[in-house]
Amino acid sequence: MAVVKSVISVLETVNNTLDRIGASIAWVLVALMVSSILLQVVCRYVFNAALPWPEEVARALMIWMMALVAGQAYRKGMFVSIDMIFNYLSPKVAQVIRILLLVIAFAVLIQLFVIALEFFDRGFRTRAASFPLKRAWIYLAMPVCFGTMLLANLEMFLKALTHKEEDAIAAQAGES
């Protein structure tokens, strides 16, 4: 139990650090994305000469912004979910379902991470359409996204297991 708690502590520290760094970079990316879009609007409608690259740059920045905050959003339960069913279940059944869902999510995230790495690797064969950058550097956002979500999932899973073990210990102590 002490080993699991120390692993959870390390994961919390890593995830908190990744969350802070990701959120800080994401704000910069949003500012750059908005600037790129505004530049395109000004060039197109004021100077009547559209630039070829701002739309693709804005899209790449948006993808990276999302990738950097997805782990944090997953960890804090900020994705859309239907969780009202847990209000109608006993705490033990709800806990088992939560653990099962985390295991399923972990399996899906592992598969997505592997596919994202393959996609990243294939991205070195092509470059962005309007500026000289290999698409791999844009596609790298996917393994970053799924990697941070995997770390968050692992932390949540271990916390769910620990909570269950603490409940069992408390129940045993109450029976004695």
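Residue indices begin from 1 for each chain and proceed along its sequence in written order. The model is predicted, so local features are restricted to residues of pLDDT at least 70 and side-chain atom pairs to those at 80 or more, both for listing and for counting; the totals for chains, interfaces and linings are taken over all residues. In computing side-chain properties, one takes all heavy atoms of the structure into account and sets aside hydrogens as well as water.

If you check an unreviewed UniProt entry, the chain appears there as TRAP transporter small permease protein from Grimontia celer. The Function (unreviewed entry) field of the UniProt record for the chain holds the comment "Part of the tripartite ATP-independent periplasmic (TRAP) transport system." UniProt positions are given in the numbering used here, feature names are shortened, and annotations may be inferred rather than shown by experiment. In UniProt, the chain has this text filed under Subunit (unreviewed entry): "The complex comprises the extracytoplasmic solute receptor protein and the two transmembrane proteins."

Visitor: How would you summarise the nonpolar core if you had to cite specific residues and measurements?
Guide: One recurring pattern in soluble globular proteins: nonpolar side chains tend to sit buried together. The criterion is simple. A nonpolar core is a set of buried Ala, Val, Leu, Ile, Met, Phe, Trp, Tyr and Cys residues joined through side-chain atoms within 4.5 Å. Only protein chains enter the accessibility calculation, which uses a 1.4 Å probe; a residue is then buried when its area is under 20% of its type maximum, exposed when over 50%, and partly exposed in between. Ranked by internal contacts, the top residues of the largest apolar core, which has 26 residues, are Tyr74, Leu109, Cys145, Phe146 and Met149. Counting from the N terminus, the helices are DSSP H or I runs at least four residues long and the strands are E runs at least two residues long. Secondary structure elements with two or more residues in this core: α1 (2–45), α2 (54–75), α3 (91–122) and α5 (141–175). Top element by residues in this core is α2. It accounts for nine residues. Ignoring sequence-local partners within four residues, the contact set of methionine 149 consists of Ala70, Gly71, Tyr74, Phe79 and Leu109. The contact criterion used throughout is that any non-hydrogen atoms of two residues lie within 4.5 Å.

Visitor: Now, about the UniProt feature "transmembrane region" (unreviewed entry) in the chain: what can you tell me, with residues and values included?
Guide: The UniProt feature table records "transmembrane region" (unreviewed entry) at residues 21–42, 57–75, 96–116 and 136–154. With 100% helix and 0% strand, residues 96–116 has end C-alpha atoms that lie 30 Å from one another. The span residues 136–154 is 95% helix and 0% strand, and its two end C-alpha atoms sit 27 Å from each other.

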